[in-house]
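# Examining the three-dimensional arrangement
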Amino acid sequence: MEKEPVIKVRNLTVQFGDNLVLDNISFDVNRSEIFVILGGSGCGKTTLLRHLLGLRKPQGGHIYYNDVDIVDASEKELEDVQRGFGVLFQSGALLKSMTLGENVALPLKESTNLSDELIDELVKLKLSMVALGGKEDLMPSELSGGMQKRGGLARAIALDPEILFFDEPSAGLDPITSAELDNLIIKMNATLKTTMIVVTHELQSIYAIAQRAIMLDRESHSIIAEGKPTEMRDTSDHPLVKAFFLREAVHT
Amino acid sequence: MKHEQEETVSYSVKSETGENNVLLLSLDGTINFKNVSRLQHTLESHLDDSSYTLVKIDFAECKAKDSSLSGLLRSLQHTAKRNNINLEFKSIDLTTQTLLDLSGPEKPEASTLLGPKLGFVERIGDYLLHHHFEMSGMLQFIGRVTISMIWSMRHPQKIRWGEVITLVQRTGAEALPIVALMSALVGLVIAFSSAIQLRQFGANIFIANLIGIGVTRELGPLIAAILLTGRSGSAFAAEIGTMKISDEVDALTVMGVKPLDYLVMPRILAVMLTLPLLTLFADVFGIIGGIVIAIASLDLTPMAFLQQLGKAIGVWDVFSGVMKSFFFGILIAGVGCYRGMATHGGALGVGTSTTASVVSGIFLIVVADSVFVVLFHYLGIG
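The residue numbering used here restarts from 1 in each chain and proceeds along that chain's sequence as written. A letter from A marks each chain and a number from 1 marks each ligand, given out in the order of writing. For a predicted model such as this one, the threshold for reporting local features is a pLDDT of at least 70, and the threshold for listing and counting side-chain atom pairs is 80 or more; totals across whole chains, interfaces and linings nevertheless cover every residue. For the side-chain quantities, the full set of heavy atoms in the structure was used; hydrogens and water were omitted.

### Considering the pairing of strand 3 (residues 34–38) of chain A
Where a strand is regular, its side chains alternate between the two sheet faces. All names here are of chain A. Each residue's exposure class comes from its accessible area (1.4 Å probe, protein chains only) as a fraction of the maximum for that residue type: buried when under 20%, exposed when over 50%, partly exposed otherwise. Secondary structure elements are defined from DSSP: runs of H or I of at least 4 residues count as helices, runs of E of at least 2 residues count as strands, and each element is numbered from the N terminus. In terms of burial, strand 3 is a largely internal element, five of the five residues being buried. Burial of the side chains of strand 3 extends over both faces: I34, V36 and L38 are buried on one face and F35 and I37 on the other. Inspection of the sheet shows strand 3 paired to strand 8 (residues 195–200) by five bridges, in the parallel sense. Along strand 8, the bridge assignment pairs I37 with V199. Pairing of strand 3 with strand 9 (residues 212–216) involves four bridges; the strand directions are parallel. Within the sheet, the bridge partner assigned to I37 lies in strand 9 and is I214. At least two DSSP bridges between two strands are required for those strands to pair.

Below, the structure written as structure tokens:
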């Protein structure tokens, strides 16, 4: 697989008031890979994701998507970049006032001129891809947690995004459901060749899906390890990286 | 079943007033959450007695049922430290000792969490430093809404009319009964209080002028606007706020759907349409309230009232009220949506936004109304 970076993050610094969250971090994400951002609770994983999505402006640094810097981009340019995104939020973030089918149809209706019949067919197709076929008339509140996430995924892939983002896909799911979701991610990556960025701290998930990963640290606000998870576990001498993979408490 | 005897703790005090001023307390009994505060009170009164420099408490005969003893010991240590008394515990049971070890040593910075005390001027500076984001956020919101509004006027086919109609139904049609009731009652009350005065001068007929002008110019628009703030402005803040905290607003953004066009614009448009209509409705019912009093306590006929009303109010009176309400509508929906979009921090955040939307909504309506009154006066059209 050729290494062609789609996303280049350079010297990203994020601060909330006096509270430094990310300090001068840089990394690349290659095309068609499953890239995992990992780290303990409160290390700024979700914050990093929100900046990658262009939902927040950082205090310093640049984020390039195919050489477009979304930090300095105009609103129009940012929207064009965001059009290539699909996002599965932690809670699924389905619009609670609409049925599952309407949720999946929403991006299709808003961004394309497809006929209603075609949209209907596409919605059914996307829903059956995430094993939710025939559930399009249910409201999000009638779905289980795992189904809501898969519904969110169906909506995220509605426009065949170039890059898919996942915020803690297995949070709050039982082991079986989260394994199913992992398999779905791997299968979609293999078939659609979508670049995927996954934020997680679930060890099982990390081993299952990650092709490359970075690990963030809460204390130094920076990346403390980069590479394949198994390599990170076996070769890193950083005590926090070891503790993370061996699931040990760190006494400081 | 035998009634369980209440577990009590008794303690005995042996004071050793030697050269070192040492007090020895030994306790026996069972300590639990029910009786611990009584014990704390007693023990602390000993610690507050500053004639001792060392206090030893012996727990050999004492059993702890729960974590109450650990809490008690920590709190006693605080009191002892404050009073410069050395405190020693003897024979603490293993569980309690483990709990104490678990909670770790006292962190000195924990008690200074409140930060330094600020003076009045410093507080203003501090507020401005930390809240200027809010200000710029609001200005950004106003700017974006204005741009969206102009854009929507040029592309009316892009407005989500279906949503607008649903919202007109919710904010307008469903508000009719309460607007009718409220304005009729206010009309009634105003007419009733002025009827007594007017009768003294034999000016009964002028009740029509009073009610007509008062209701169409001020009361109708204000009643409708305040009710709409309470019914719909708050609902907008809560709806959008809930969507915001459950990532739905961010989800819309990355889907290529602008939350401003999708959520805010239909709401502002709907309220812009409904509030003037609600105001007309409130005008009619306010006047009906006046008529009822005119008939009942001023011996006027409905015909006489209406004839006088026709002479008293002109098109401008009704129109100025309706025009004002058009702007009130923008304010109400704008504030509600802004508060919703600015929501952060869970269920509490939604509550705060909802409250803020109503309070600042009503405040802005009254301010705007005053501006209009002054403006109309100086333009010579009041």
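Having put the structure on the table, let's press on.
### A closer look at the layout of surface pockets
Buriedness for pockets is judged along seven lines, at least five of which must meet protein on both sides within 12 Å for an open set on the 1 Å grid over protein atoms alone, while cavities are sets there where a 1.4 Å probe fits but cannot get out, and lining residues have an atom within 4 Å of a point. Grid points are joined across faces, edges and corners, and a volume is the space filled by probe spheres set on the points. Empty space within the second largest pocket amounts to approximately 480 Å³. Taken together, 21 residues make up the lining of the second largest pocket; nearest its centre are A:S97, A:M98, B:R160, B:E163 and B:Y262. Broken down by secondary-structure element, the contributors of at least two residues to the lining of the second largest pocket are helix 3 (100–111) of chain A together with helix 5 (161–171), helix 7 (207–245) and helix 9 (259–298) of chain B.

### Quick word on the confidence of the model for chain B
All names here are of chain B. Confidence in the prediction for chain B averages 86 pLDDT; 91% of positions are at 70 or higher. One number per residue, pLDDT, summarises how confident the predictor is, and it ranges from 0 to 100. By definition, residues are in contact when any of their heavy atoms lie within 4.5 Å. Confidence drops under pLDDT 50 across residues 1–5; counting only partners more than four residues distant or on other chains, this segment forms zero contacts. Contacts from residues 108–113, a stretch scored under 50 in pLDDT, to residues over four places away or in other chains number zero contacts. The ipTM for the predicted assembly is 0.82, set against a pTM of 0.77.

### Comments concerning unusual backbone geometry
In this structure, A:D67 is a non-glycine residue whose phi angle is positive, near 75°. The topology assignment puts A:D67 in the loop between strand 4 (60–65) and strand 5 (68–69).

### Some details on the pattern of salt bridges
Whenever Lys or Arg places a side-chain nitrogen within 4 Å of a carboxyl oxygen from Asp or Glu, that contact is recorded as a salt bridge. Applying the stated criterion across every chain yields a total of 23 salt bridges over all chains. The partner of B:E239 in a salt bridge is B:R170, with the nearest N and O atoms 2.4 Å apart. With B:E239 in helix 7 and B:R170 in helix 5, the pair connects residues that are 69 residues apart, well separated along the chain. Salt bridges sharing partners connect three or more residues here, namely A:R50, A:R56, B:D247 and B:D250.

### Re the sheet that holds strand 7 (residues 163–167) of chain A
Residues and elements named next belong to chain A. Ordered by their spatial adjacency, six strands build an open sheet running 6-7-8-3-9-10, and the pairing between neighbours is mixed. Two strands in the sheet have a free side with no partner beyond their single neighbour: strand 6 (85–88) and strand 10 (223–227). Pairs of neighbouring strands in the sheet enclose a mean axial angle of 15°, with direction left out of account. In the packing of helix 1 (residues 45–52) onto the sheet, contacts are made with strand 3, strand 6, strand 7, strand 8 and strand 9, and the angle to strand 8 comes to roughly 150°. As a rule, the C-alpha atoms of each element are fitted with a line to give its axis, helices using only the stretch in contact, and angles between N-to-C directions run from 0 to 180 degrees.

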